[in-house]
Number of protein chains: 2
Amino acid sequence: MASNPLTKANFLAPVQDLLVRVEQKMHAQADQHHPDLHAALEHLLSSGGKRLRPALALLMGNLFLGDEERLITLAAAIEMLHTATLVHDDLIDGALLRRGIATLNSRWSPAATVLTGDFIFARAAKLAAETRSVEVMLLFAETLSTIVNGEITQLFSSRGLASRQDYERRIYAKTASVFDVATRAAGLLSHVDEMTLQKIGAYGYNTGMAFQIIDDILDFTGEQATIGKPVASDLRQGLITLPALYYLEKYPQDAGMRRILAGESLDEEAFTRLIASIRESGAIQDAYYEARRYVDTSVEQMDGFPDRVERQSLVDLAYYIVNRQF
Amino acid sequence: MASNPLTKANFLAPVQDLLVRVEQKMHAQADQHHPDLHAALEHLLSSGGKRLRPALALLMGNLFLGDEERLITLAAAIEMLHTATLVHDDLIDGALLRRGIATLNSRWSPAATVLTGDFIFARAAKLAAETRSVEVMLLFAETLSTIVNGEITQLFSSRGLASRQDYERRIYAKTASVFDVATRAAGLLSHVDEMTLQKIGAYGYNTGMAFQIIDDILDFTGEQATIGKPVASDLRQGLITLPALYYLEKYPQDAGMRRILAGESLDEEAFTRLIASIRESGAIQDAYYEARRYVDTSVEQMDGFPDRVERQSLVDLAYYIVNRQF
């Protein structure tokens, strides 16, 4: 545990002004387009979110003295890409709330929701192109393929699959790939050498893996009111995340888990009992240690990085990710 | 009417070998991704289509001696972009067939169909980035915004709207924008001067406008078996295309049209009577003349273009578009 209290405001301070400009750039993306599209984008952006991905890009880019305008454009592109995938995800999952705010699909038709997601993809691609870096564009498009391929794999093949390899692939595709592109693209815009670029990407990758593990932990430990969905919603759908994997290592014959792996669903009582067993088994703590190992690896990458305020922010951001409660 | 019989084989001859390589490049886009994604892409590409958009890019690029590899990549990017929009369109319209082949949404869940469309967008963006031209990328992303904004506008605002301006905007967004980007991006990869680039874009724009007008004519004149959907399917949904606009100019008080404009639906008998009236009114011929004017404008752009075989192909392609029967 880091010794000082970590607040977002602290480590975001060096890029706070830039984040405001990222926000403005995102809001401007539906200007001169259909009014309903404009309203949808406003709604989506108003639901906030932590804006960690843009912050990562800005902090890393500033640390290596990248051009501010291009970094702002990149940060907006990354967050728009993330937003577009959430719009289609929520539609597919039939989710009604995200971050406590009504999802687009809960208020709009599927047709309008699909198209709004497409539009946000288009604007993300436009912003990525506006960085005027072919390498950034390539990375960006490859990341979009990775995310979508991950979602398709999850849809078709991941239910009831208790595989560490599948889990790691899944959280890479879903989350770490975006953290990776956020930092690596910022590095590309800052013209660092190849070895530094690898370290920058490794920081993003490891931080992203930790972030998703913590998300998966909070799915087990959070209260429904806080996380905005039923407790252990993944496990309910047969998706095995890290806490459940550690639990299975300890109790491979657990009846409830065996039934979930066989594709059966549990009644509410049996499910509640299973969640309690997982919580009491130490599996959550094991998963937390795993997230910590990822973050330690992230922080190690920064040995030799310039000694500027952004470096400390990136360290703090990484520890914030594993210490957050929501 | 052009004096010689136009067949696709004739005017595509100069780029036939390159089109084969475009096809290979498109098929390769799901390699190393989920097998079901691979199968979906194969299915979509097997349904053929005329591949006019890649042909346009290749003919225009070759005319101006652009780099072949980059033109192949561009042509594949354009056709993938087009394919992705069709996947989401068919889902939204609930279409069961396209070009006589089952649509993806008729066989897959909405979730899988949304994600497959997203994946194809991602690969289109990847291919566009692989042209390594920032200008091409910008144009490409802007075109995607235009297409999607057009679809949203159609979804929310275009039903029962008898406006020439709305119609032109709609067919630009839907079709001419893609013909425009196919030719203009090919010009960008061939390093032509700014004035030539304008003419290249104008060729694409006007050819695309003509193409969509002919599509809209065929919707009225074609047999259901040939076009794969009910006759006058747009009008059934309250979408007013050029033949109906010309008909309205002649018979502004037509009872059937007034009801459609008021958002009502007609019974089958009244609708059949209305279609017969439109067919007999000369409105179809008027729309055809309009398409011809666009194509004449296309061909005029090419005054002063290099006197190579591709130029004649582009002339023939434009006339083929207005003379096709399906």
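These numbers were taken from a predicted model, which means no experiment stands behind them. (Residues numbered from 1 in each chain as written. Chains lettered and ligands numbered in written order. Predicted model: local features only at pLDDT ≥ 70, side-chain atom pairs only at ≥ 80, totals over all residues. Heavy atoms only, no water.)

Caption draft 1: Inspection of the relation of the copies chain B and chain A at higher detail. When chain B is fitted to chain A, the residual RMSD is 0.0 Å, and the transformation amounts to a turn of 180 degrees plus an axial shift of 0.0 Å. As the rotation angle and translation indicate, the two copies are arranged about a two-fold axis. Scanning chain B for the C-alpha nearest the rotation axis identifies V134 of chain B, at a separation of 3.2 Å. (Least-squares fit on C-alpha atoms with pLDDT ≥ 70 in both.)

Caption draft 2: Structural view of the side chain of T241 of chain A. Residue and element names in this part refer to chain A. As for its placement among the helices and strands, T241 is situated in the loop between α12 (233-236) and α13 (242-250). Here T241 falls in the buried class, since its relative accessible area comes to 2%. Aside from chain neighbours lying at most four places away, what touches T241 is Y167, D216, F220 and D234. (Helix = DSSP H or I, 4+ residues; strand = E, 2+ residues; numbered from the N terminus. Buried < 20%, exposed > 50% of the residue type's maximum accessible area, 1.4 Å probe, protein only. Contact = heavy atoms within 4.5 Å.)

Caption draft 3: Quick peek at the confidence of the model for chain A. The share of residues in chain A with pLDDT of 70 or more is 96%, and the mean pLDDT across the chain is 91. When mean pLDDT is compared element by element in chain A, helix α4 (residues 52-63) of chain A scores highest at 98, while helix α11 (residues 224-227) of chain A scores lowest at 58. (pLDDT = per-residue confidence, 0-100.)

Caption draft 4: Here's a closer look at the interface of chain B and chain A. On the chain A side, the residues contacting the 40 residues of chain B number 40 residues. When chain B packs against chain A, the two sides together hide about 3600 Å² of surface, and 73% of this comes from carbon and sulfur. The tally of links from chain B across to chain A stands at six salt bridges. Between K126 of chain B and E142 of chain A there is a salt bridge, and its shortest N-O distance comes to 2.8 Å. Counting every contact that joins chain B to chain A gives 10 residue pairs in polar contact (both at pLDDT 80 or more). Put simply, the parts of the chain that give the side of chain B that touches chain A at least two residues each are α3 (35-46), α5 (68-93), α7 (110-130) and α8 (134-157) of chain B. With 16 residues, α8 of chain B is the single largest residue contributor to the side of chain B that touches chain A. Tallied by class, the residues present in the side of chain B that touches chain A amount to 22 nonpolar, nine polar and nine charged. (Buried area = accessible area lost by both parts, 1.4 Å probe. Salt bridge = Lys/Arg side-chain N within 4 Å of Asp/Glu carboxyl O. Polar contact = N/O pair within 3.5 Å; in protein donor to acceptor, adjacent residues only side chain to side chain. Nonpolar A, V, L, I, M, F, W, Y, C, P; charged D, E, K, R; others polar.)

Caption draft 5: Examining the environment of M80 of chain B more closely. Take M80 of chain B: it is sitting in helix α5. Beyond its immediate stretch of four places on either side in the chain, M80 of chain B contacts M26, Q29, L41, I120, R123, A124 and L127 of chain B.

Caption draft 6: Layout of the environment of S277 of chain A. By the element assignment, S277 of chain A lies in helix α15 (residues 268-280). Here the alpha-carbon distance between S277 of chain A and R184 of chain A, two residues 93 residues apart in the chain, equals 40 Å.

Caption draft 7: Seen up close, helix α17 (residues 309-323) of chain A. All names here are of chain A. With 15 residues, α17 extends 21 Å from end C-alpha to end C-alpha; this agrees with the ideal 21 Å at 1.5 Å per step. With 12 of 15 residues buried, α17 is to be regarded as a mostly interior element. Check the buried side of α17 and you find it contacts α1 (8-12), α4, α9 (164-188), α10 (194-221) and α16 (283-301). (Expected span 1.5 Å × (residues − 1).)

Caption draft 8: Quick peek at the packing of aromatic side chains. Residues and elements named next belong to chain A. Applying the stated criterion across every chain yields a total of 14 aromatic pairs over all chains. When the centroid spacing of 6.4 Å and the interplanar angle of 55 degrees are considered together, the rings of Y288 and Y289 count as tilted. Y289 gets classed as partly exposed once you look at its relative accessible area, which sits at 43%. Directly above the aromatic system of F211 lies the positively charged group of R324, at a separation of 4.0 Å from the ring centroid. (Phe/Tyr/Trp six-rings, centres within 6.5 Å; stacked < 30°, edge-to-face > 60°. Lys NZ or Arg CZ within 6 Å of the ring centre and 35° of its normal.)

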